Amino acid sequence: MIHINDMLHINDMDYIIKKEAGKNMKVVKDYVLKLGFVFKEILKAGSGVFFLSIGSMVITGVSPVITTYLTAKLIEELWNNIGNDASSIYFGLLAILLGMLGVVVISFATEGVKTVICSVVGLKLSHNIENHIAEKFQSIKQERIDDPDFLNLHSNTLTKSGSEPLNLMEGLFGMVANLISLVGYAGIIIKLNLWAFLIIMVFTLPIIIYKRKYQGMLFRFFNERTMQMRRIWYYLSLITDPQYCKEIREFRLYSYFRKRRKESFDDFMKGNSKIAAKEILVSVITSFISMIGAILVGVWLIKNTLTGIVSVSDFYLFITAIITIVTKLIALSNQIASNSKSMMFINYIFEYMQESNTIESKNVKIPEKSIHNIRFEHVSFKYTGADYYALKDINISFNTNETICLVGENGSGKSTFSKLLLRIYDPTEGRVLLDDIDLREYDITEIRKFFGVLFQDYIKFADTVHNSIGFGNIDQIDDNQGIESAAKTTGVDKFVEEYKDGYDTNLSKMFFKDAIEPSGGQWQKIAIARAVFSDSSVLVLDEPTAALDPKSEVKMYDTFKTISRLKATIIISHRMYITKLADKIILLDKGQLVEEGSFEELIKLEKEFYSMYKLQSDSYSISVE
């Protein structure tokens, strides 16, 4: 009679078995899914290499077995016909020899052609997968991009995306080729003696199990040290990248960063060497163990050959099969481990492509009308990992027919305000509304068209003047008249007309020997021109005078007047004189809204804005009428 506790135990065991079976099925399904992705991408990159690899796999697997068999046959024929009339067997022996050479030539030729094609297809495959990564990257939220864990994933994915898929395919096909050879040689040994085959397998299997385990250790080590590797590369870029060289040399920082890089690298190698030493030790031991079976069978085979039980030709056939099957099994263990490692690295690509922290974009279009309303409704924002709010409970509203000046000291939240407005970030609390609709409801492409922007850390494109401005509206980049108009509005035309090639002049010496390297102020004017050329309803200018000298800064005041008449403009600055342009001034301090109103209203209040304006006026003696 079965006790109730026994029944419960049986049910528990049944549940555990089903759970484990479910896990295994999921692992297999996941593995097949990833293989499907790899093979699909390889076929897209070049179907020829895929089918050539299949052919090469079969030939590589079969050819050594055929060659061994034909060699044994040749020895047998020669041994049996020593002293006989050679003419009667000459052509038969020649046919066997030509067959052997033919197999070898076909095998090497196929492998050679495959190697060349793989090198070409590998570049295309890498390019295609990098494009997938770049496309996915565009959809990932900025706060996720700011996360060091994501930067680790990003680095690993880009580093491994090009090589590992092709490595996996070649490894899998190589493994199958080895298995084909193993089946052939196993058949030869089993024909000799089944126990001989089993003895060889028992002594060789441990190395296969260990190699796979080692690759898991190595993968985990590299995964855990990703940030350390990023830091090593960062130090290298500091001491080798042309954009850093002036400051590194001027402050004599080379030795310091070289030392920091060496310390990080030495620590990395210390951990890596421990794993490598363990691999060498166990690999030597397991390789020796795997050869014991072959030695035992070999001794037995020699004894039987000496007693005449086994012929000389069969001895060659069997001893070659024994040695080859052991070496093939060791090679197979390396391939299984290598494929396991490749699949682990391919997991990076899948993890990256399945990244869920992406920008949510809906299909609402921004209506076409002359005036829009923008409203911050109880908006607070905290950067990931920060202990304080960059913005706290901001409530403000303004229309796009107004020129807005956002002012405050450094760290007051001005740039964060603009990033929420541009939907680079979404509020932690509250809503940013455009025409009473949350920005998150709009199509993200509509938002990006609606706002033109000059960032503080704008890009200095290594391209022509024409394109550097034209990138502001990529759909109209061939509009020469519009680009020249934007250049005239911002004063770019004044220095471009001095260039020999005008708007076709290359900027930045990164790629072009004859390029012009504009000054900081000229670069900034080009960036402003790019923003002006954008087909946007609202222009957001973040510290637009930061790189300008005082004289140019005062002249730019008239430029901003012109720009504000052409487009709705939001100017973010700590230069208080610019506020005379504004219909509405927003003063932030430590993430909070302190004052808002027109220039005249805030001056009359004689509070925070008045104090800041008076302090700057007295310091710089700037008077702009």
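Residues numbered from 1 in each chain as written. Predicted model: local features only at pLDDT ≥ 70, side-chain atom pairs only at ≥ 80, totals over all residues. Heavy atoms only, no water.

Peer 1: Can you help me understand the overall build of the chain in this one?
Peer 2: Helix and strand counts for the chain come out as 20 helices and 10 strands. Per-residue burial over the chain gives 44% buried out of 625 residues. Put simply, 75% of the contacts in the chain that link residues at least 6 apart link residues at least 24 apart. Entry remark: accessible area of the chain is about 34,200 Å², with carbon and sulfur atoms responsible for 59%. (Helix = DSSP H or I, 4+ residues; strand = E, 2+ residues; numbered from the N terminus. Buried < 20%, exposed > 50% of the residue type's maximum accessible area, 1.4 Å probe, protein only. Contact = heavy atoms within 4.5 Å. Areas by Shrake-Rupley, 256 points an atom, 1.4 Å probe, with all protein chains shown as cover.)

Peer 1: Sorry if this is basic, but what is going on with the packing of helix α5 (residues 148-161) against helix α11 (residues 312-353) here?
Peer 2: For any two helices packed against each other, one specifies the crossing angle of their axes together with the interaxial distance. Packing of α5 against α11 leaves a shortest axis separation of 9 Å and a crossing angle of 125°. With respect to each other, α5 and α11 are oriented oblique. Taken as a pair, α5 and α11 cross one another with a handedness that is left-handed. Taking contact as the criterion, the partners of F150, L153, H154, N156, T157, K160 and S161 in α5 are, on α11, F345, Y348, I349, E351 and Y352. Residues of the contact of α5 with α11, tallied by class, amount to 6 nonpolar, 4 polar and 2 charged. (Axes fitted to C-alpha atoms, helices over the stretch in contact; angles between N-to-C directions. Parallel < 35°, antiparallel > 145°, perpendicular 65-115°, else oblique. Left-handed = near helix turned anticlockwise from the far one by under 90°. Nonpolar A, V, L, I, M, F, W, Y, C, P; charged D, E, K, R; others polar.)

Peer 1: What is the right way to read the packing of α5 against helix α8 (residues 226-240) from this model?
Peer 2: Here α5 crosses α8 at 75°, and the two axes come no closer than 9 Å. Accordingly, the angle class assigned to the pair α5 and α8 is roughly perpendicular. Note on element contacts: α8 touches α5 through T226, M227 and R230, opposite P148, L151, N152, S155 and N156. The class makeup of the residues in the contact of α5 with α8 is 3 nonpolar, 4 polar and 1 charged.

Peer 1: Help me understand the packing of aromatic side chains in this model?
Peer 2: One pair of aromatic rings is described through two measures. These are the centre distance and the angle between the planes. By the definition in use, this model includes 18 aromatic pairs. Between F381 and Y425 the ring centres are 5.1 Å apart and the planes differ by 45°, which places this aromatic pair in the tilted class. Of this pair, F381 sits in strand β1 (residues 373-381) while Y425 sits in the loop between α12 (414-421) and β4 (429-434); the two residues are 44 residues apart in sequence, bridging distant segments of the chain. With respect to burial, F381 and Y425 carry one shared label: buried. Centre to centre, the rings of Y383 and Y425 are 5.4 Å apart; their planes meet at 90°, and the pair counts as edge-to-face. (Phe/Tyr/Trp six-rings, centres within 6.5 Å; stacked < 30°, edge-to-face > 60°.)

Peer 1: Got a minute to help me understand α12 in this structure?
Peer 2: Helical geometry note: an α-helix holds 3.6 residues per turn, so side chains three or four residues apart project in the same direction. With 7 of 8 residues buried, α12 lies mostly within the body of the structure. Along α12, the positions that sit buried rather than exposed are K414, S415, T416, F417, S418, L420 and L421. Phi turns positive, to about 60°, at R423, one or two residues after α12.

Peer 1: Help me understand the layout of surface pockets in this model?
Peer 2: Looking at the largest pocket, its volume works out to about 1,800 Å³. Lining the largest pocket are 49 residues, and of these R448, K449, F451, V453 and F455 sit closest to its centre. Put simply, the parts of the chain that give the lining of the largest pocket at least two residues each are α3 (90-139), α4 (142-145), α12, α13 (444-450), β6 (451-454) and α17 (520-533). Residue contributions to the lining of the largest pocket peak at 7 residues, all from α13. (1 Å grid on protein atoms, 1.4 Å probe; cavity = no way out; pocket = protein on both sides within 12 Å on 5 of 7 lines; lining within 4 Å. Points joined across faces, edges and corners; volume = space filled by probe spheres on them.)

Peer 1: Sorry if this is basic, but what is going on with the sheet that holds strand β9 (residues 584-589) here?
Peer 2: Strand pairing in a sheet relies on backbone hydrogen bonds. The paired strands run either parallel or antiparallel. Here we have 6 strands laid out as an open sheet, ordered β6-β7-β8-β3-β9-β10, and mixed in their pairing. Across the chains shown, the open sheet's two edge strands, defined by having one partner strand only, are β6 and β10 (592-597). Looking at each pair of strands side by side, their axes are set apart by 15° on average, direction ignored. As paired strands, β6 and strand β7 (residues 538-542) are joined by 4 bridges and run parallel to one another. When the sheet's bridge partners are listed, F451 is paired in β7 with V538. (Pairing = 2+ DSSP bridges.)

Peer 1: Looking at this structure, how should I read the pattern of salt bridges?
Peer 2: If the charged atoms of two oppositely charged side chains come close together, the side chains can form a pair. Taken as a whole, this structure holds 14 salt bridges when the rule is applied. Across the salt bridge formed by R375 and E377, the nearest N and O atoms sit 2.8 Å from each other. A residue is classified by how much of its surface remains accessible, and R375, at 24% relative accessible area, is partly exposed. You can call E377 partly exposed: its relative accessible area is 22%. Residues participating in the shared-partner salt-bridge network are R375, E377, R431 and D436. (Salt bridge = Lys/Arg side-chain N within 4 Å of Asp/Glu carboxyl O.)

Peer 1: Can you walk me through the environment of L454 in this structure?
Peer 2: Among the structural elements, L454 can be located in strand β6. Taking the C-alpha atoms as reference, L454 lies 9.7 Å from I571; in sequence the two are 117 residues apart. In this view, L454 contacts Q524, A527, I528, A531, V540, L541, D542 and P544; residues no more than four positions away in its chain are not counted.

Peer 1: I keep staring at the nonpolar core and nothing clicks. Help me out?
Peer 2: Side chains of nonpolar character tend, in soluble globular proteins, to be buried together. Ranked by internal contacts, the top residues of the largest apolar core, which has 57 residues, are I189 and I325. When contributions to this core are tallied by element, the ones reaching two or more residues are α1 (4-45), α2 (47-80), α3, α5, α6 (164-192), α7 (194-224), α10 (254-306) and α11. Ranked by residue count, the leading element in this core is α11, at 18 residues. With sequence-adjacent residues up to four places away left out, I189 is seen in contact with A196, F197, I200, A321, I322 and I325. (Core = buried A, V, L, I, M, F, W, Y, C linked by side-chain atoms within 4.5 Å.)

Peer 1: Could you clarify how one ought to interpret unusual backbone geometry in this entry?
Peer 2: Across residues other than glycine, the phi torsion is negative in most instances, and most of the peptide bonds are trans. Of note in this structure, D436 is not a glycine but carries a positive phi near 65°. Positionally, D436 belongs in the loop between β4 and β5 (437-438). Of the residues examined, D436 reaches a relative accessible area of 55% and is grouped as exposed. Even without glycine at this site, K590 takes up a positive phi of about 50°. Mapping K590 onto the fold places it in the loop between β9 and β10.

Peer 1: Please clarify how the environment of N357 should be interpreted in this entry.
Peer 2: Following the sequence through the fold, N357 ends up in the loop between α11 and β1. Classification of N357 by relative accessible area gives partly exposed; the value is 29%. Between the alpha carbons of N357 and S139 there is a distance of 8.7 Å; along the sequence they are 218 residues apart. Excluding anything up to four places from it in sequence, N357 contacts I140, K141 and R144.

Peer 1: So what exactly am I meant to see when it comes to the sheet that holds β4 here?
Peer 2: The strand order across the open sheet formed by 4 strands is β2-β1-β4-β5, and the pairing between neighbours is antiparallel. In this open sheet, the two edge strands, each paired with only one partner strand, are β2 (391-399) and β5. When β1 meets β4, the two strands line up antiparallel, connected through 5 bridges. Pairing of R375 across the sheet is with L433, part of β4.

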